[in-house]
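# Observations on the model geometry
The residues making up each chain are set out below.
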Amino acid sequence: MIKLNSQDRDRVLQCLQDGPKTVHEMALLLRLSQPRISSLLPELNRRGLIHAPRCKVGPRGNTVNLWDLPIPQETPA
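Summary of the structure given here.

## Side note on helix α3 (residues 34-46)
Counted at 1.5 Å a residue, the expected span for α3 with its 13 residues is 18 Å, and the 19 Å between its end C-alpha atoms agrees. Among the residues of α3, those classed as buried are R36, I37, L40, L41 and L44. By the N-cap criterion, in which a side-chain oxygen at the helix start approaches the backbone nitrogen of a residue two or three places on, α3 is capped by S33, the distance to R36 being 3.1 Å. Positive backbone phi, at 75°, marks G48, one or two positions downstream of α3.

## Concerning the pairing of strand β2 (residues 63-68)
Of the strand pairs in this sheet, strand β1 (residues 51-57) and β2 are connected by 5 bridges, and their pairing is antiparallel. The residue bridging V57 from the neighbouring strand is T63, located in β2.

## Comments concerning helix α2 (residues 23-30)
All of the buried residues along α2 are V23, M26, A27 and L30. Down the axis of α2, the smallest arc covering the buried residues is 100°, so these residues share one side. In α2, the exposed positions angled more than 90 degrees off the buried face are occupied by L28 and L29. At the C-terminal side of α2, R31 shows a positive phi close to 55°.

Scoring rules and cut-offs
- Residues numbered from 1 in each chain as written.
- Predicted model: local features only at pLDDT ≥ 70, side-chain atom pairs only at ≥ 80, totals over all residues.
- Heavy atoms only, no water.
- Helix = DSSP H or I, 4+ residues; strand = E, 2+ residues; numbered from the N terminus.
- Expected span 1.5 Å × (residues − 1).
- Buried < 20%, exposed > 50% of the residue type's maximum accessible area, 1.4 Å probe, protein only.
- Polar contact = N/O pair within 3.5 Å; in protein donor to acceptor, adjacent residues only side chain to side chain.
- Pairing = 2+ DSSP bridges.
- Arc of directions from axis to C-beta.

Have a look at this one:
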């Protein structure tokens, strides 16, 4: 199970390389359930690997998070 978690987390991170996405969009692209994607996001967020800097209006008129990779911080020279 741990290996599967790691593989799914890696797939989520790879999916976000192309830009911000909602849970629904990631689930469609990765062919994983929305609850599965949602269960991975809190750990990735806690570890600082992803964040949800903004929201958009979903198909039902509700607001949904747009998950994205953080912008790399430049280190002073």
